[in-house]
Amino acid sequence: MMCLLAGAGCTTSQTEKPALQTKPEKTATYPSPEPVSLAYAPITDSPEYMYREIVDNGFRIVARDTRKIKPSHVRQVVDYATTEKPGTIIVDQKAHFLYFILPDDRAVRYAIGVGSAAKGFQEGDAIIDRKQTWPRWIPTPDMVRRSPEHYEKYRDGVDGGPTNPLGARALYMQKNGQDTYYRVHGTNDPSSIGKSVSAGCIRLLNQDILDLYERVKIGARIVVL
């Protein structure tokens, strides 16, 4: 943010008669409008702007060609009636959408990629207990055991960055005080969005997880359908 400071001065001739001093008029004051909570901020940007190239924490997030994104997969506010309170996340695995609940039966909808039926998160709810910027990724022991040809070389983990499977942000899911090992996160594979191909986690385009990350508060409820 850049502040601009402007200064101005006036001088008058010493021979001029001083101006008559008067009391300043009272100025009406009005309360400032309440700022819109960032969590519930509307979406007013164009798809081209939302999916532009972004440099974040020194890492480059590649722009997405919006001509190749399905209109339904573009981040948008939609009507969504639910009894869940604003700030809740609802994941519809079959439809491949994640909804961040807003007031007045509205929601921000994001397209997602999810795990296959055999690996997907069981229907139910959890709590977002941690948020991480450019998270480090470590495959679970089960992943290494199930597909050593894919995951053994990553057993010790992968540092955060554009090639990391968790992408630019991650939201960690806890249930009954225990880590579920499922995450809501970005991706280094945009082609997986709208499909059931991940190892079980819920993935979004990096531009979308940046937006969701700023809206979600620690302790938020997440419901997986």
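Residues numbered from 1 in each chain as written. Predicted model: local features only at pLDDT ≥ 70, side-chain atom pairs only at ≥ 80, totals over all residues. Heavy atoms only, no water.

**Considering the overall build of the protein chain**
Secondary structure assignment for the protein chain yields four helices and 13 strands. With 225 residues in all, the protein chain has 40% of them scored as buried. In the protein chain, the share of contacts with a sequence separation of at least 24, taken over all contacts with a separation of at least 6, comes to 65%. Accessible surface computed for the protein chain: about 14400 Å², of which carbon and sulfur atoms make up 52%. (Helix = DSSP H or I, 4+ residues; strand = E, 2+ residues; numbered from the N terminus. Buried < 20%, exposed > 50% of the residue type's maximum accessible area, 1.4 Å probe, protein only. Contact = heavy atoms within 4.5 Å. Areas by Shrake-Rupley, 256 points an atom, 1.4 Å probe, with all protein chains shown as cover.)

**Some remarks on the sheet that holds strand 8 (residues 124-133)**
Within the open sheet, the nine strands sit side by side as 3-6-5-4-13-8-9-10-12. Their pairing is mixed. Edge strands, defined here as strands with exactly one partner in the open sheet, are strand 3 (76-79) and strand 12 (202-203). By the bridge criterion, five bridges tie strand 9 (residues 169-175) to strand 10 (residues 178-185) in an arrangement that is antiparallel. Bridge pairing in strand 10 places Leu171 opposite Val184. In the packing of helix 4 (residues 206-215) onto the sheet, the strands contacted are strand 5 (97-102), strand 6 (106-111), strand 8, strand 9 and strand 10, and the crossing angle to strand 9 comes to about 50 degrees. (Pairing = 2+ DSSP bridges. Axes fitted to C-alpha atoms, helices over the stretch in contact; angles between N-to-C directions.)

**Considerations on the packing of aromatic side chains**
Both the distance between ring centres and the angle between the ring planes are used here to describe each pair of aromatic rings. One pass over the full model with this rule turns up four aromatic pairs. Plain terms: the ring middles of Tyr80 and Tyr99 are 4.2 Å apart, the flat faces sit at 25 degrees to each other, and that makes the pair stacked. Taken together, the residues span a long stretch of sequence, with Tyr80 in the loop between strand 3 and strand 4 (89-92) and Tyr99 in strand 5 at a distance of 19 residues. Accessibility classification places Tyr80 together with Tyr99 in one group, the buried group. Note that Arg52 overlies the ring of Tyr49, its terminal NZ or CZ placed 3.8 Å from the centroid. Above the ring of Phe97, the side-chain terminus of Arg109 is found at 4.3 Å from the ring centroid. (Phe/Tyr/Trp six-rings, centres within 6.5 Å; stacked < 30°, edge-to-face > 60°. Lys NZ or Arg CZ within 6 Å of the ring centre and 35° of its normal.)

**Examining the pattern of salt bridges**
Enumeration according to the criterion identifies 13 salt bridges in this entry. The salt bridge involving Arg169 is made with Asp56; its shortest N-O contact spans 2.9 Å. Here the residue Arg169 occupies a position in strand 9, and Asp56 occupies one in strand 1 (residues 54-56), the gap between them amounting to 113 residues. Pair check on accessibility: Arg169 and Asp56 agree, each one buried. Each of the salt bridges in this network shares a partner with another, and the network as a whole consists of Arg75, Asp208, Asp211 and Arg215. (Salt bridge = Lys/Arg side-chain N within 4 Å of Asp/Glu carboxyl O.)

**What to know about the pairing of strand 9**
Summarising burial for strand 9: five of the seven residues are buried, a large majority. Where strand 8 lies against strand 9, six bridges are found, and the strand directions are antiparallel. When the sheet's bridge partners are listed, Thr133 is paired in strand 9 with Arg169.

**Comments concerning the confidence of the model for the protein chain**
The predicted model of the protein chain has a mean per-residue pLDDT of 83, with 80% of residues at 70 or higher. A low-confidence stretch, residues 1-35 (pLDDT under 50), is modelled with zero contacts involving residues beyond four sequence positions or located in other chains. (pLDDT = per-residue confidence, 0-100.)

**Comments concerning unusual backbone geometry**
The phi torsion at Asp104 lies on the positive side, around 60 degrees, for a residue other than glycine. Topologically, Asp104 is positioned in the loop between strand 5 and strand 6. Even without a glycine there, the phi angle at Trp134 is positive, about 40 degrees. According to the relative accessible area criterion, Trp134 is buried, its value standing at 8%.

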